[in-house]
Amino acid sequence: MAGSSATGIGAPLPRAEDRRLLTGDGRYSDDISRPDQLHAVMVRSPHAHTELFGIDGARATAMPGVVAVLGGLDWRADGLGPMPAWGNPKDVELKNADGAAIFYTPLWPVAVDRVRRAGEIVAMVVAETAAAAEEAAEAVAIDCKPLPAVVDPADALADGAPLLWEEVPGNLNLRDEKGSREATDLIFENAYRTVSFESWNQRVTGVPMEPRAALGEFSDGKFLLEAGGQGVIRFRNELAQTMGVEPADMHVITRDVGGGYGTRNHTYPEFALVLWAAKRTGRPVKWVCGRSEAFLSDYAGRDLHMTVEVALDSTGRILAMRNENTANIGTHTISYVPLARGPTVYNGVYDIPVAHIVSSAVFTNTTATASYRGAGRPEAMFLIERLMDVAAAETGIDRIELRRRNLIAEDRIPYRNAVDVTYDSGKFEKSMDMALEMIGWSGAGERRQAAKARGKLRGIGLANYIETATGYPQERAEMEILPGGIVDLVMGTQSSGQSHETTYPQIVSEWLGVPYESVRLRTGDTDFVSAGSGSHSSRSMKLAGHLYRQTVDEIIERGAGVAAHLLEASRADISFGDGRFRIEGTDRSVHLFDVAREAAGEEIPENLRGPLRAVAEIAAPLPTYPNGCHAAEIEIDPETGVVEIVAYVGVDDTGTVINPLVVDGQTHGGAVQGIGQALMESCTYDGDSGQLLAGSFMDYAMPRADGVPSFSLAFNEVPAPSTALGVKGGGEGGATAAPPAIVNAICDALSEFGVRHIEMPATPERIWRAIRNNRN
């Protein structure tokens, strides 16, 4: 959508944040310090599962510089309990099929009597320096009795498996059913043919640029926490409950954030512990997470075992689907969002009218999983898009043609699927056609033969996708026109790379007709952010645009009344445009900023007096459905199994595009994350000891700039009918579409060896073995 100016809606405006961040003027969590601060180090359990009888901190306490050694018994002695359990069945749209209540695990910031994973906090050492705290932490003795551990969900469900929570016999905490079992079974009984597929969407972690850090203070009965995250209101509310104070007595500040990806949405135990230590010691306490410590303690993502079966008619139309998802949620119920959201788009962009979906959650002795970029939808899209290629191979129908026969047609929109989710807009076939043209799909055969002559295996793949950009509905936007010529914005969302400082002023400056530079955004401080659910689920611009349209309209309406008084005209004769209130049909006008100045004065009538300020809130869900098609072409060296991505294209329908430069950047980042999962990333545990084997960058591979091609991107803009701006959201499409597109291309390249599927990460070793095992 073309904007009305070089800085307005649709303009590819460079990010306002970049100069500050790239010249060292950013302020991340570890940049925040106090002159008299103490330093905390967490003592973490070396065992994956153990009874905990206590800790002996005597040696550590006697070491130079040590101020305190605190454990679970100290926490309880201070009258503190577990952190509040997150979520409830209504929030996450899940329920046990047998009617049993879902058990929400208590989260003790420091272990009290049981340790359930390697790396769980058993004590905290507080010292004058970080080095002194680290040295003393090595001297803390742990009195415990190790227990057997289990890291695989299938093993955790087996008879005799180690039990994580006495309240959950068998480790199965949830078994949810959606759709109709009876209707689905009936279609399968009469189907022309069926196709089945099974896969494991492996465990990954966010690996943010900036590891977590926190600084806590306590003074005059009030707490202050400075810590990076994706929204301060959640931190404030949960920490206030944890520490037993009112929310007004819990001040939380988040400044710049080096990567969120969903895993930083949560209130981590360390945040509560530095506040507790600050209260006990009377001094500020700072904790900084090491990179290996982050691998051990950051919440993970994905880790979903999936089976699917579809019933087809003789033409290849899919009539019904059976789907079973088993999630390894680790030790605690931190987030059920991925398991809840994925099944809502089980059908992708295809017309699959009948379905039955079972979703289960299993406890294991691994780090808890949480929402990670896409939160369930990447898993669902991987399943349906790999299934499409598998079904095409088994039926002999061309894989693009099979997709065409099943795509939801434009005249079926709005489309309601079998679990009562309604896609309100989209042109799915157009996006696929655009991607096919951009990747040069029709010439892939010739390129394949040319690669073969060079001794390489070449393959091409694509993936259609759809998202549910929903998230927590509650959000609040504030706007005030300041007399000094500034438009002041306050929002509950929190940027961790989404460019809010650029894009929010773009929409407001266009609507108000004021200079882009005059719009100022403030976020990340509970002193002035009173409500809001933070940034997740591609919700930020969607809700910002929706709410700021309301505040703009309210301010213009009120300002028109003031302008009518100043211009000595009737309110009915006043219009607004280009930042000025005008008497229609004349050259008499007054600028918005002048109206704000006069409204703040004493000479204007009392009924018109006061700041030009407006507030808008939303508390009801406002779902949108970003969608698109990504395609990739790869080459494989058959002697080493190494994959080279030679081309990658993406077509995305993010609704109205506010800033194409920003959306492209989000897509680049998401695609690289998806490529990382497809080819190399995996949080691996030892099955016997429960120890994390991927605990550093030596063990956990990450994509690099030299491993990805230049991306070719395009928009298929179909505005969302439910939002004021038509924005759907653009933060997660790349991470959702890249894994199936890449794996489809790899399997295409390996098709001559009879390879039906290869699991992620498709490492060189895994590909090499697939070639060797099938070569003869």
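Everything that follows concerns the structure shown earlier in this document.
Residues numbered from 1 in each chain as written. Predicted model: local features only at pLDDT ≥ 70, side-chain atom pairs only at ≥ 80, totals over all residues. Heavy atoms only, no water.

Caption draft 1: A look at helix α12 (residues 377–395). Relative to the 27 Å expected for 19 residues at 1.5 Å per residue, α12 spans 26 Å between its end C-alpha atoms, a close match to the ideal helical length. Of all 19 residues in α12, 16 are buried; the element is thus mostly enclosed. Positioned one or two residues after α12, G396 has a phi angle of 80°, which is positive. (Helix = DSSP H or I, 4+ residues; strand = E, 2+ residues; numbered from the N terminus. Expected span 1.5 Å × (residues − 1). Buried < 20%, exposed > 50% of the residue type's maximum accessible area, 1.4 Å probe, protein only.)

Caption draft 2: Examining the side chain of T366 more closely. Mapped onto the elements of the fold, T366 is located in the loop between β15 (354–363) and α12. Within the structure, T366 has its side chain in polar contact with the side chain of T364 (distance 2.8 Å). The residues touching T366, leaving out its near neighbours within four places in the chain, are R116, R117, V151, R203, N328, G330, T331 and Y685. (Polar contact = N/O pair within 3.5 Å; in protein donor to acceptor, adjacent residues only side chain to side chain. Contact = heavy atoms within 4.5 Å.)

Caption draft 3: The arrangement of the nonpolar core in detail. In terms of nonpolar packing, the biggest core is built from 101 residues, with I636, I746 and L750 touching the most fellow members. With near-sequence residues (within four places) excluded, I636 lies in contact with K456, L457, G641, V642, V643, I746, A749, L750, I767 and I771. Among the nonpolar cores identified, the runner-up in size contains 47 residues, and L512, L521, F593 and I658 belong to it. (Core = buried A, V, L, I, M, F, W, Y, C linked by side-chain atoms within 4.5 Å.)

Caption draft 4: Fine view of the sheet that holds strand β26 (residues 627–636). Strand order in this open sheet of four strands is β18-β26-β27-β28, and the pairing throughout is mixed. Two strands lie at the open edges of the sheet, namely β18 (457–466) and β28 (711–715), each paired on one side alone. For this sheet, the mean inter-axis angle between neighbouring strands, taken without regard to orientation, is 10°. Two strands pair when backbone bridges link them, and strand β27 (residues 643–653) and β28 are joined in this way by five bridges, in the parallel orientation. Following the sheet pairing, D652 is matched in β28 by F715. Here helix α14 (residues 428–439) sits on the sheet in contact with β18, β26, β27 and β28, set at roughly 145° to β27. The sheet strands contacting helix α15 (residues 444–453) are β18 and β26, and the helix crosses β18 at an angle near 145°. (Pairing = 2+ DSSP bridges. Axes fitted to C-alpha atoms, helices over the stretch in contact; angles between N-to-C directions.)

Caption draft 5: Seen up close, the pairing of strand β2 (residues 50–56). Inspection of the sheet shows β2 paired to strand β4 (residues 114–115) by two bridges, in the antiparallel sense. By the bridge assignment for β4, E51 is matched with R114.

Caption draft 6: Expanded view of the pattern of salt bridges. Per the counting criterion, the structure on display carries 56 salt bridges. Its salt-bridge partner being D351, residue R317 comes within 3.5 Å of it at the nearest N-O pair. Linking R317 in the loop between β13 (300–312) and β14 (318–330) with D351 in the loop between α11 (337–341) and β15, this pair joins segments that are 34 residues apart in sequence. Residue R317 is classed as partly exposed on the basis of its relative accessible area, which comes to 30%. Note that R476 and E617 form a salt bridge whose closest N and O atoms lie 2.7 Å from each other. Linking R476 in strand β19 (residues 475–482) with E617 in strand β25 (residues 612–618), this pair joins segments that are 141 residues apart in sequence. We classify R476 as buried; its relative accessible area is 16%. (Salt bridge = Lys/Arg side-chain N within 4 Å of Asp/Glu carboxyl O.)

Caption draft 7: Expanded view of the packing of α12 against helix α20 (residues 733–749). Interaxial distance between α12 and α20 falls to 8 Å at its minimum, and their mutual angle equals 25°. By the angle between their directions, the pair α12 and α20 is classed as roughly parallel. As α12 packs across α20, the resulting crossing turns out to be right-handed. Every residue of α20 that contacts α12 at R377, P378, M381, F382, E385, R386 and D389 is listed here: A735, T736, P739, P740, V743, N744 and C747. (Parallel < 35°, antiparallel > 145°, perpendicular 65-115°, else oblique. Left-handed = near helix turned anticlockwise from the far one by under 90°.)

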